[in-house]
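Reading the structure
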Amino acid sequence: MTNIVKNQSEFTKNVLTLMTGTVVAQAIPIAISPILTRIYTPEDFGLFALFFAILSIFSVVMSLRYENAIMLPKKDVAAINIFALAFLINIAISLILFIAVLIFNENITNMLGNKRISLWLYFIPISLFFVGVFNILNLFNNRKKNYKDIAKALWIKSLIMAIIQVGIGFIKQGATGLISGQIISQLFANFKLSKNIYRDKKLTTSIKKTKMLILAKKYRDFPKFSLPSALANVLSGHLANILISSFFSIATLGFYSLVQRVLAIPTALIGSSIGQVYYEEGIKEKNKTGKSSVVFMATLKKLLIIGIPSFILLFFTVKTLFILVFGEEWKVAGEYAELVLPMFFFQFIVTSLSSTYDIFQKLKIELIWQLVLLTGIVLIVIISHFMSIDFKILLISLSAYISIMQLISLYIMKQISHKGK
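Residues numbered from 1 in each chain as written. Predicted model: local features only at pLDDT ≥ 70, side-chain atom pairs only at ≥ 80, totals over all residues. Heavy atoms only, no water.

Right, let's talk about a positive patch on the surface for a bit. Taken together, Lys-217, Arg-220, Lys-224 and Lys-364 make up a surface patch of like positive charges. Of note, Lys-364 is situated in helix α16 (residues 363-386). (Patch = residues over 30% accessible without salt bridge, like charges linked within 9 Å, V, L, I, M, F, W, Y side chains within 5 Å. Areas by Shrake-Rupley, 256 points an atom, 1.4 Å probe, with all protein chains shown as cover. Salt bridge = Lys/Arg side-chain N within 4 Å of Asp/Glu carboxyl O. Lys, Arg positive; Asp, Glu negative; His and termini not counted. Charge placed at Lys NZ, Arg CZ, Asp CG, Glu CD. Helix = DSSP H or I, 4+ residues; strand = E, 2+ residues; numbered from the N terminus.)

In structure tokens:
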């Protein structure tokens, strides 16, 4: 009984540490959002959303998902070799993508149907490298329970992004400030998290080519199953944005991207912190008992207690808030937000627990679910386009479908955590 209380206390402490940094990190973009919506147009936000969608889609392949295996070994020597393996893969893929952009820039631009994205395509491989490094560093620091440093890195990234986006926005028209802030801020966050790696000389000297190859083989299920699953997951969220920009307009995507930015706040503020600690605690419980049912149910309860009142309040105020905070020009975004609130509520709950699949390496199950989710989303968007269905009806359809799929995933993860190995 004493151990359970102690573990719950440590869990809460770690969540609060991460949440504090995340709250500060998210408070900054929230605070500057009313400024950004007045110095950037919906078209600028749409271009940024298109850039971010491409970035997000390719970010999951940067280390072939080996970074998620960093948490699993019992010994740090194995973990640092997985870290090195993921880092080298990240470099190789970044170079391949840069060469691809150099050769096929015009083709990609024509396919996306937006000439303004052409210049920014050259910056995607660079930004992807920074994102890939951040993911690797973040998970290694999570393993070492460097939650304070993770929290600091998050708010440093957010502060730098805000300064650049606002500063450039006042002196230069277009989406330059929005995209530049995204790229440069990632570099500062990486610098903060990397300190804990190169300070431990004894650990870094244990990196060996033979060990990396052995571990690459041992955890080959991550690139084999987790990679396509993660790719399907990110495509589910961001391929729709690319299709929206092509089928509707870049301005429509701009309005919807602001909705995504705002409604993702609960997940970014709270859900990600809870999920990050759940991953570490879930592995500990699994190593002791073969299951993670106790921490799974405790985490689910916390998420429901926080999520239900928050999203109910949002439902009754979101349209008014969008007008008051972002200006009358963004009224349409408020109308969109009301339609997709259920979807974001279920994503808040389920995304925070999604590492259950990784903890028990049930990657095939996750892959099947992700592929079904992706197929449904793409079909809904394409059918809506060819039937000339109003964008609001499309949002209602997406919200309903994704909500149902998230509930199915929650049930599957509950069964996995309770049955264990």
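Take the pattern of salt bridges next. Oppositely charged side chains can form a pair if their charged atoms are brought close together. Tallying each qualifying case throughout the model produces 9 salt bridges. Asp-44 is the partner of Arg-116 in a salt bridge, and the nearest nitrogen-oxygen pair spans 3.0 Å. Taken together, the residues span a long stretch of sequence, with Arg-116 in the loop between α3 (76-112) and α4 (117-121) and Asp-44 in helix α2 (residues 42-59) at a distance of 72 residues. In this structure, Arg-65 and Glu-67 form a salt bridge, with 3.9 Å as the shortest nitrogen-oxygen distance. Glu-67 matches Arg-65 in its accessibility class, with the two residues each being buried. Three or more residues joined by partner-sharing salt bridges are found here, namely Asp-76, Arg-143 and Lys-144. (Buried < 20%, exposed > 50% of the residue type's maximum accessible area, 1.4 Å probe, protein only.)

When the terminal C-alpha atoms of α16 are compared, their 34 Å separation across 24 residues agrees well with the 34 Å that a helix rising 1.5 Å per residue should span. Taken together, the buried positions of α16 are Leu-363, Glu-366, Leu-367, Trp-369, Gln-370, Leu-373, Leu-374, Gly-376, Ile-377, Ile-380, Val-381 and Ser-384. Residues of α16 that are buried in the fold lie against α10 (221-247), α15 (356-359) and α17 (391-419). Looking one or two residues beyond α16, the residue adopting positive phi is Ser-388, at roughly 55°. (Expected span 1.5 Å × (residues − 1). Contact = heavy atoms within 4.5 Å.)

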